[in-house]
Amino acid sequence: LLYTEGSFMIEQGALAAYSEDGVQQYEVVATLDLRTSEICQEMDGKRFDVAEAVTGVNYPPFHPWCRTTTIPYYDDMDYSGNTRVARGGDGKTYKVPADMTYKEWKAEYIENNPDAILTRKKLKNYNSDKNQYQSYKETLGSEYLPKTFDEFQNLKYANGDEYRLLKAQVKGMTYYNKAVANEPEITEHVKNVAKSVGMDTVGLEYRIKTKDSYLRKIRSRFNPSGNEYEIKDILRYTYTADATDITKKALEAIDTHEKMGYNTVELKNYWLNESDPYNGINTTINAPVGQKFELQYHTPESFELKNGKLHELYEKQRLIKDTSSKEYMELTDQMFKLSDKLTVPVNISEVKK
């Protein structure tokens, strides 16, 4: 307010001086830099009669924080040889012809200059981008964002895929937080069903996928044309039973879940997949509240292997990009040798969707 009122007083003083000195016309002079408003860009170089000057219409200030001023205009004015100062996207100043208008300067120095265009976008959207940056911090946490606001704007306007990935992760947190909110009710249900069919619920300490793991999964699955946010294993549980009766108990558990409105919408029996060293039954269940979660069925032996040596080998293997490399193949062989030692559950082929 003080800045704008101060500008008003200065410009009114200039206008009074024009009238007193008999100046008939004035010319609007905007600042040649990327912060200048669209209003002032349009007004730069235009001439008006002093007697018809109206503040905010054809005489500055035109808006709050306005930096535009005026100069007296005479028909015989000669600008040849004179210059005016401009400031580029890098913040450095240079001189251009005095009669060059903002539109002409923008066309010649800005529109084909990527750095200047980027700077212009950053300045124009400063406030909205600042609010967005703060909102993303609150949603994701600062550790998942560029360290500074300037780096965030650079990411937004200069690196399309990385910015779209960041937006996908922010959107994904809506689903993650929803799953966490539904967890207590689902956990209680899962434990009750396990007890009713005589199975053990194991690994409950890992029932909620960590935020870091979830965001990594969004990154690994990122697709600019569309993304899956409701990853089915944000909540994940495991039932175990001996190899002699896991088939019977697993089928009973699936039926019990169904009767209570917890529908098994996907079932994969990896005991029947000879091309995968992993052994277990993985199911996806849709709870009455609409929350999907993963429930695995294991023998104590297969569960121990999955979380132990098999997991260690898998973590090493997934870092190898060349799937045909000797190291990759050797790790695959090691995993198969371990899984081949497992006792195959009785009638396990009966568990299918």
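Structure: see above.
Before going into details, it helps to say that this report is about the structure given with it. Computed from a predicted model, the values in this text were never measured in an experiment.

With respect to the sheet that holds strand 10 (residues 292-298)
If you trace the five strands from one edge of the open sheet to the other, you get 6-7-10-9-8, paired in mixed fashion. Both edges of this open sheet fall to strand 6 (200-202) and strand 8 (263-269), since each of them pairs with a single strand only. This sheet shows a mean twist of 25° between the axes of neighbouring strands, independent of strand direction. Taken together, the five bridges between strand 7 (residues 236-240) and strand 10 define a ladder with parallel strand orientation. Considered in strand 10, the bridge of Tyr237 is made with Leu295. On the sheet, helix 7 (residues 160-197) packs against strand 6, strand 7 and strand 10 and is oriented at approximately 10° with respect to strand 7.

Observations regarding the pattern of salt bridges
In total, this model carries 21 salt bridges according to the counting rule given. Between Asp129 and Lys156 there is a salt bridge, with its nearest N and O atoms 2.7 Å apart. Of this pair, Asp129 sits in helix 5 (residues 126-140) while Lys156 sits in helix 6 (residues 149-158), and the two are 27 residues apart along the sequence. A residue is classified by how much of its surface remains accessible, and Asp129, at 0% relative accessible area, is buried.

Details of the packing of helix 11 (residues 309-317) against helix 12 (residues 326-339)
With their axes 10 Å apart at the nearest point, helix 11 and helix 12 run at an angle of 165° to one another. Between helix 11 and helix 12, the crossing angle belongs to the class labelled roughly antiparallel. For helix 11 against helix 12, the interelement crossing comes out left-handed. Counted together, Lys309, Leu310, Leu313, Tyr314, Lys316 and Gln317 of helix 11 and Tyr328, Leu331, Thr332, Gln334, Met335 and Leu338 of helix 12 form the full contact between these two elements. Considered class by class, the residues forming the contact of helix 11 with helix 12 number seven nonpolar, three polar and two charged.

Observations concerning the environment of Thr174
Within the secondary structure, Thr174 is located in helix 7. Judged by relative accessible area, which is 54%, Thr174 ranks as exposed. Sequence separation between Thr174 and Thr139 is 35 residues; the distance between their C-alpha atoms is 8.8 Å.

Criteria and thresholds
Here the residue index of a chain counts from 1 through its sequence in written order. Confidence filtering applies because this is a predicted model: local features only for residues at pLDDT of at least 70, side-chain atom pairs given and counted only at 80 or more, and all residues used for totals across whole chains, interfaces and linings. Derived side-chain values reflect all non-hydrogen atoms in the structure, with water molecules and hydrogen atoms excluded from consideration. When DSSP locates at least two bridges between a pair of strands, those strands are taken to pair. By definition, any uninterrupted DSSP run of H or I lasting at least four residues is a helix, any uninterrupted run of E lasting at least two residues is a strand, and each is numbered from the N terminus. With axes taken as lines fitted to C-alpha atoms, and helix axes fitted only over the stretch in contact, angles between N-to-C directions fall between 0 and 180 degrees. The contact criterion used is simple: two residues touch if any of their non-hydrogen atoms lie within 4.5 Å. Note on definitions: salt bridges are taken to be side-chain nitrogens of Lys or Arg within 4 Å of carboxyl oxygens of Asp or Glu. Only protein chains enter the calculation, and the probe is 1.4 Å; a residue is then buried if its accessible area is under 20% of its type maximum, exposed if over 50%, and partly exposed in between. Each angle receives one of four descriptions, namely roughly parallel if under 35 degrees, roughly antiparallel if over 145, roughly perpendicular if within 65 to 115, and oblique otherwise. A crossing counts as left-handed when the near helix is turned anticlockwise from the far one by less than a right angle, and as right-handed when that turn is clockwise. Following the grouping adopted for this structure description, the nonpolar residues are Ala, Val, Leu, Ile, Met, Phe, Trp, Tyr, Cys and Pro, the charged ones are Asp, Glu, Lys and Arg, and the polar ones are all others, Gly among them.

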